[in-house]
Amino acid sequence: MSKITDAITALAEPIVLKNDCELWDVEYIKEVGGWVLRIYIDRPEGISIDHCEAVSRELDPMLDENEDIIPGTYTFEVSSAGAERQLKRPSDFERFLGHLVEIKLYKPRDGQKVFLGELKHYLPGGTIEIEAAGQLHTFEKAEIANARLRIA
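Residues numbered from 1 in each chain as written. Predicted model: local features only at pLDDT ≥ 70, side-chain atom pairs only at ≥ 80, totals over all residues. Heavy atoms only, no water.

### Quick look at the packing of helix α1 (residues 3-18) against helix α2 (residues 49-65)
Line of reasoning, step 1. Relative to each other, α1 and α2 sit at 150°, their axes nearing to 10 Å. Of the possible angle classes, the one that applies to α1 and α2 is roughly antiparallel. Like other packed secondary-structure pairs, α1 and α2 cross with a definite hand, here right-handed. Where α1 abuts α2, its residues I8, L11, A12, I15, V16 and K18 lie against V55, E58, L59, M62 and L63.
Line of reasoning, step 2. Its residues assigned to classes, the contact of α1 with α2 shows 9 nonpolar, no polar and 2 charged. (Axes fitted to C-alpha atoms, helices over the stretch in contact; angles between N-to-C directions. Helix = DSSP H or I, 4+ residues; strand = E, 2+ residues; numbered from the N terminus. Parallel < 35°, antiparallel > 145°, perpendicular 65-115°, else oblique. Left-handed = near helix turned anticlockwise from the far one by under 90°. Contact = heavy atoms within 4.5 Å. Nonpolar A, V, L, I, M, F, W, Y, C, P; charged D, E, K, R; others polar.)

### Points about the state of the cysteines
Line of reasoning, step 1. Applying the stated criterion across every chain yields a total of 0 disulfides.
Line of reasoning, step 2. You can see C21 has no disulfide; the closest cysteine sulfur is in C52, sitting 7.7 Å from it.
Line of reasoning, step 3. Here C21 falls in the buried class, since its relative accessible area comes to 6%. (Disulfide = S-S within 2.5 Å. Buried < 20%, exposed > 50% of the residue type's maximum accessible area, 1.4 Å probe, protein only.)

### Concerning the packing of aromatic side chains
Line of reasoning, step 1. With the rule as written, the count across this model stands at 4 aromatic pairs.
Line of reasoning, step 2. Between W24 and F96, the aromatic rings sit 6.2 Å apart at their centres with planes inclined by 65°, giving edge-to-face as the arrangement. Residue W24 is located in strand β1 (residues 22-31), and its partner F96 is located in the loop between α3 (90-95) and β4 (100-109); the two are separated by 72 residues in the primary sequence.
Line of reasoning, step 3. The class for W24 is buried, based on a relative accessible area of 4%.
Line of reasoning, step 4. A relative accessible area of 11% places F96 in the buried class.
Line of reasoning, step 5. For the ring pair Y28 and W35, a centre distance of 4.7 Å and an interplane angle of 15° mean the geometry is stacked.
Line of reasoning, step 6. The ring centre of W24 lies 4.6 Å from the NZ or CZ of R85, which sits over that ring.
Line of reasoning, step 7. It is R89 that lies over the ring of W24; its NZ or CZ is 5.1 Å from the centre. (Phe/Tyr/Trp six-rings, centres within 6.5 Å; stacked < 30°, edge-to-face > 60°. Lys NZ or Arg CZ within 6 Å of the ring centre and 35° of its normal.)

### A short note on the pairing of strand β2 (residues 34-42)
Line of reasoning, step 1. For β2, the tally of buried residues reaches 8 of 9 residues, placing the bulk of the element in the interior.
Line of reasoning, step 2. For β1 and β2, the ladder comprises 9 bridges, and the chain directions are antiparallel. Bridge pairing links I29 to V36 in β2.
Line of reasoning, step 3. Between the end of β1 and the start of β2, which pair antiparallel, lie 2 residues.
Line of reasoning, step 4. Pairing between β2 and strand β3 (residues 75-80): 6 bridges, direction parallel. Residue I39 lies in a different strand from β3, and its bridge partner there is V78.
Line of reasoning, step 5. Regarding topology, α2 serves as the crossover connection from β2 to the parallel β3, and that connection is right-handed. (Pairing = 2+ DSSP bridges. Right-handed = clockwise from strand over helix to strand, strands pointing away.)

### Notes on the nonpolar core
Line of reasoning, step 1. Of all hydrophobic cores here, the largest spans 21 residues; its most connected members are I8, L37, I39, I41 and L59.
Line of reasoning, step 2. When residues of this core are traced back to their parent elements, those giving at least two are α1, β1, β2, α2 and β3.
Line of reasoning, step 3. Apart from residues no more than four positions distant in its own chain, I41 is found in contact with V16, C21, E22, W24, I47, H51, C52, V55, V78, S79, S80 and A81. (Core = buried A, V, L, I, M, F, W, Y, C linked by side-chain atoms within 4.5 Å.)

### Observations concerning the sheet that holds strand β6 (residues 127-132)
Line of reasoning, step 1. What the 5 strands build is an open sheet, ordered β7-β6-β5-β4-β8; its pairing is antiparallel. For this open sheet the edge positions go to β7 (135-139) and β8 (144-149), each flanked by a neighbour on one side alone. Taken over all neighbouring pairs, the strand axes of this sheet differ in orientation by 40° on average, direction set aside.
Line of reasoning, step 2. Looking at chain direction, β6 and β7 are connected through 5 bridges and run antiparallel. Of the residues in β7, the one forming a bridge with I128 is F139.

Printed below as a string of structure tokens:
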């Protein structure tokens, strides 16, 4: 994580937990309209607009008070992690073993860059194994451009 996302994570996590949610991810990225700070939250029962609003209302003034964390202007959003969320951390992969995932590679393997299959294993060091069309595929972390859950 970057210095900014680390600081925002530390600031946001207690607020998210207080609102009976889990902090899924923090993004601070440049988009067409400028910089965007996006907080993704989750909970087993699902996220409603009320959850996003509660976290946003409590966190927004704290961000304003800590102007030194993020220089300049930015757009602030609180969002659900979503059903087809991106998987990044080891705990994400471990949590969703047995689920359908889509793996996108930086470079094609056997003429294919996208693999859809059941997440079978997450091994130390970031090696991921999925079963697709009855065949086991193993991917190293460095090969993977994006990994996300998919809804069948």
